Amino acid sequence: MMKKISIAIDGPSAAGKSSIAKIVAKKLDYVYIDTGAMYRCVGYYCLQNNIDLNNETAVSAILKNIKITMDSNNRVYLNEHDVSDQIRQDEVSMSASLVSSYQDVRKFLVKQQRQMSNMGGVILDGRDIGTVVLPDAKLKIYQNASVETRAKRRFLENKQRGLSADLETIKKDIEQRDYQDMNRKISPLKKADDAIVLDTSNLSIDEVVNEVLKLAKQREMEG
Ligand code: DC
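Bear in mind the structure is a predicted one, so any value in this text is a computation, not a measurement. (Residues numbered from 1 in each chain as written. Predicted model: local features only at pLDDT ≥ 70, side-chain atom pairs only at ≥ 80, totals over all residues. Heavy atoms only, no water.)

Chemist: How would you summarise the site of the ligand if you had to cite specific residues and measurements?
Modeler: Residues in close proximity to the ligand total 15 residues, the closest being Arg40, Arg106, Asp128, Asp181 and Arg184. Note that an oxygen atom of the ligand is positioned 2.6 Å from one of the side-chain N or O atoms of Arg40. One nitrogen or oxygen atom from the side chain of Arg127 is found 2.9 Å from an oxygen atom belonging to the ligand. Surface burial for the ligand is 97%, taken as the share of its 440 Å² of free accessible area covered by protein chains. The set of elements that each furnish at least two residues to the shell around the ligand consists of helix 2 (35–48), helix 4 (90–99) and helix 8 (167–183). (Near = heavy atom within 4 Å. Polar contact = N/O pair within 3.5 Å; in protein donor to acceptor, adjacent residues only side chain to side chain. Areas by Shrake-Rupley, 256 points an atom, 1.4 Å probe, with all protein chains shown as cover. Helix = DSSP H or I, 4+ residues; strand = E, 2+ residues; numbered from the N terminus.)

As structure tokens, this is what we get:
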């Protein structure tokens with residue numbers, strides 16, 4: 001019996017998790033949930049409303065005003081406004097990383113992520129999916145790539161999106177976010193014990209997709 005499973009993809013910033021997850025979701029007819037986008041929405045809301053990002057209490061207090069939804073085209077809505085493009089700005093990346101270290105923010109979003117996943121047939125990407133959000137996920141991938149590769153990929157992606165792009169700045173931002181995400185107290189980025197490591201530095205998107213699809217189909221068969 002084939003059974004739809006839950007797939008967790010974790011790894012550092014700009015490792016190509018979302019590109020892979022989107023394609024795999026389409027091919028398997030699964031729902032893709034971009035959990036980073038949810039942290040970005042919280043960071044973006046704070047920036048827009050002049051909330052002091054370093055003030056944890058102030059950030060906790062605005063959570064009740066935040067409603068995040070996603071549609072089947074992977075557009076992200078914050079209180080019904082499409083913010084898909086705005087939340088990709090570098091300033092928002094840094095603020096997302098900062099607010100993601102706060103307990104209340106994590107509780108608020110993890111709860112929603114679990115609710116969104118409870119039917120199975122989902123693929124989530126983030127930092128703590130395999131370790132915290134879905135510890136029972138049937139397939140866990142830890143997707144990594146060298147800092148150089150990741151910076152170059154993000155550089156090209158930003159250019160395509162028409163966002164400002166400076167390779168050195170992007171590289172520094174990625175290093176800083178890696179550090180923050182791996183060293184925070186609550187749910188730091190780390191490979192789940194049962195995750196499969198995919199280093200994508202020298203792999204094409206197709207190669208990574210095929211590997212994940214192969215693993216997913218095996219796990220679906222195991223039911
Ligand atoms: O995946 P991303 O770059 O869009 O994520 C933005 C930030 O959100 C990232 O620096 C850390 C945080 N994040 C997190 O703490 N847990 C997740 N599951 C996803 C993202």
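Still more ground to cover, so stick around.
Chemist: Break down the nonpolar core for me, citing the residues and quoting the values.
Modeler: If you look at the biggest cluster of nonpolar residues, it comprises 34 residues, and the most contacted ones within it are Val42, Val59, Ile87 and Val105. Looking at this core, the elements that each hand over two or more residues are helix 2, helix 3 (56–62), strand 4 (76–78), helix 4, helix 5 (103–117), strand 6 (122–126) and helix 6 (129–133). Of all the elements, helix 2 adds the most residues to this core, at 8 residues. The contacts of Val105, once residues within four sequence positions are left out, are Tyr39, Val42, Val59, Leu63 and Val99. Grouped together as the second largest cluster of nonpolar side chains are 20 residues, Ile5, Ile9, Leu139 and Leu215 included. (Core = buried A, V, L, I, M, F, W, Y, C linked by side-chain atoms within 4.5 Å. Buried < 20%, exposed > 50% of the residue type's maximum accessible area, 1.4 Å probe, protein only. Contact = heavy atoms within 4.5 Å.)

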